[in-house]
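Spelled out, the chains give:
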Amino acid sequence: MEPIVVGLLGITHPHASARVRALREIEGVEVLAAADEDSRLKYFTDKYDMEPRDIDSLLQDERINAIMVHSKSKDMVPHALRALAAGKSVVVEKPGGGTVEDLERLAEAEAKAAPGLVVQVGYNVRLAQSIAEAKKLIADGVIGEVVSVSARGAALVGEHLTAHLNQPADMGGALWIIGCHMLDSLVHMFGAPDSVNARVHKSGRLSDEKSREDSAAVLLNYPDMSVTFSFDGHDHLEWFESSRVSVYGTGGMLEIGILPQKLRVYVDQDRAGWRAGWTEWTQSYFTPPFARTELNKFSELPELENISNFHPEMRGWVDSIRTGAPVVAPVADALAVARIVEACYRSEKEQGASVEVESA
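Small disclaimer: the values here were computed from a predicted structure and weren't measured. (Residues numbered from 1 in each chain as written. Predicted model: local features only at pLDDT ≥ 70, side-chain atom pairs only at ≥ 80, totals over all residues. Heavy atoms only, no water.)

Peer 1: An account of the overall build of the chain is needed here, citing residue identities and associated values.
Peer 2: On a plain count of helices and strands, the chain comes out with ten helices and 15 strands. Over its C-alpha trace the chain gives a radius of gyration of 20 Å, about what one expects of a compact globule, namely 21 Å for 360 residues. Summarising its shape, the C-alpha atoms of the chain cover approximately 60 × 50 × 40 Å along the three principal directions. Counting across all 360 residues of the chain, residues that qualify as buried make up 57%. (Helix = DSSP H or I, 4+ residues; strand = E, 2+ residues; numbered from the N terminus. Rg over C-alpha atoms; globule rule 2.2 N^0.38 Å. Buried < 20%, exposed > 50% of the residue type's maximum accessible area, 1.4 Å probe, protein only.)

Below, the structure written as structure tokens:
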């Protein structure tokens, strides 16, 4: 078993500590050090038993063969490119950068990387068991051919004011940084659409000029399937508690919940081992809150209580490094998401007109 020794470039993203905790549950994995110019680096490394470093010394350390990037969006790709040049595999926090151009640079760097190096983007909602099972049911034809899909995503009320959602170099706000999770899950299940029609709303009743979009309504246009996505930046429930996907097929339907993970399956007749009518699975009716405390809910270094999706994400990354297994959240999909979001913003500027999504 190849030892995996991990370093962090950037510690201010909320997912940093969650991934550290998930990695440390995997045999043969050590999280050694972190680098960041942020004044809270020492606090973070003390709390999670790591060495505080500068970026150069971390990248020059031959013991470290894998890097997690949790920096501000504009620095994600520069950090990842330096890590790849130093011969280290990377996982880059979603959305993988601040703009479409960032993701294109990351895709180019991945194509030129040394053999065996793994590049993964930090999309892990797609790895929820409810989504994984639904994707398999769709592929197996259990609900027949998919006709239409309705999806919803949301950010917790108050998050629209945080610096995290209002980074000046980013191409967007809540839709880009939070809505990308559900768009990625749709890309994971159905591929990228040909075009989008979108209205991206900003309301003076809800937020001032210090923050960006408040909600969005998106049509994702596929050749023979109707997909809608609604996004709200002012949800009163826990992160992802309101997020869901409904899939309607010629022989049944699926209802997918994210937090708590839930899957309801309806088939119109006995098929593939499924009884006619509804079958329901729920991971837990008492899912722990996403954030550990009220005080750190919107802090720069919040500790997440519910890290269930980080376990398969980190196992997937480690397996790809060790065995060459397929990357569970590839750069190509992250680039597709970036292009979809960018097309949404262009559509809004054209009053909801249909805008083509650039293909690979």
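Peer 1: Break down the side chain of S242 for me, citing the residues and quoting the values.
Peer 2: Of note, S242 is situated in the loop between strand 10 (225-235) and strand 11 (244-249). Polar side-chain contacts of S242 include one of 2.9 Å to the side chain of D235. Beyond its immediate sequence surroundings of up to four residues, S242 is in contact with R152, D235 and L237. (Polar contact = N/O pair within 3.5 Å; in protein donor to acceptor, adjacent residues only side chain to side chain. Contact = heavy atoms within 4.5 Å.)

Peer 1: Report on the packing of helix 5 (residues 100-112) against helix 10 (residues 331-349), specifying residues and quantitative values.
Peer 2: Remark: helix 5 packs on helix 10, axes separated minimally by 9 Å, with the N-to-C direction vectors making an angle of 160°. On the basis of the axis angle, helix 5 is roughly antiparallel to helix 10. Note that helix 5 runs across helix 10; the crossing there is left-handed. Mapping the contact onto sequence places V100, L103, E104, L106, A107 and E110 in helix 5 and V331, A334, L335, A338, R339 and E342 in helix 10. Across the contact of helix 5 with helix 10, the residue classes tally to eight nonpolar, no polar and four charged. (Axes fitted to C-alpha atoms, helices over the stretch in contact; angles between N-to-C directions. Parallel < 35°, antiparallel > 145°, perpendicular 65-115°, else oblique. Left-handed = near helix turned anticlockwise from the far one by under 90°. Nonpolar A, V, L, I, M, F, W, Y, C, P; charged D, E, K, R; others polar.)

Peer 1: Lay out the pattern of salt bridges in plain terms, naming residues and giving numbers.
Peer 2: If you walk through the whole model with that rule in mind, you get 22 salt bridges. In this structure, the salt-bridge partner of E93 is R19, at a minimum N-O distance of 2.3 Å. Placement of the pair is E93 in strand 5 (residues 89-93) and R19 in helix 1 (residues 16-23), with a sequence separation of 74 residues. The class for E93 is buried, based on a relative accessible area of 1%. (Salt bridge = Lys/Arg side-chain N within 4 Å of Asp/Glu carboxyl O.)

Peer 1: Residue-level account of the sheet that holds strand 12 (residues 252-257), with values.
Peer 2: Across the sheet, which stays open at both edges, the nine strands sit in the order 14-13-12-11-7-10-9-8-15 with mixed pairing between neighbours. The sheet is open, and its two edges are formed by strand 14 (277-282) and strand 15 (355-356), each paired on a single side. Pairing between strand 7 (residues 146-156) and strand 11: six bridges, direction antiparallel. In the strand pairing of strand 11, R152 is matched with R244. Running at roughly 65° to strand 8 (residues 195-201), helix 10 makes contact with strand 8, strand 9 (215-222) and strand 15 of the sheet. (Pairing = 2+ DSSP bridges.)

Peer 1: I'd love a proper account of the environment of L84, names of residues and values included.
Peer 2: Tracing the sequence through the fold places L84 in helix 4 (residues 73-85). Spatially, the C-alpha atom of L84 lies 28 Å from that of G173, the residues being 89 residues apart in sequence. Among all residues touching L84, those that are not within four sequence positions of it are V90, A109, A113, L117 and V119.

Peer 1: Kindly report on the packing of aromatic side chains, identifying the contributing residues and their values.
Peer 2: Inspection of every chain in the model, using the stated rule, returns three aromatic pairs. The interplanar angle of 45° and the centroid separation of 5.1 Å between the aromatic rings of F44 and Y48 together place this pair among those described as tilted. Judged by centre distance (6.4 Å) and plane angle (35°), the ring pair of F229 and F231 falls under tilted. Grouping residues by exposure puts F229 and F231 together as buried. Stacked on the ring of W278, the Lys or Arg R264 has its end atom at 3.9 Å from the ring centre. (Phe/Tyr/Trp six-rings, centres within 6.5 Å; stacked < 30°, edge-to-face > 60°. Lys NZ or Arg CZ within 6 Å of the ring centre and 35° of its normal.)

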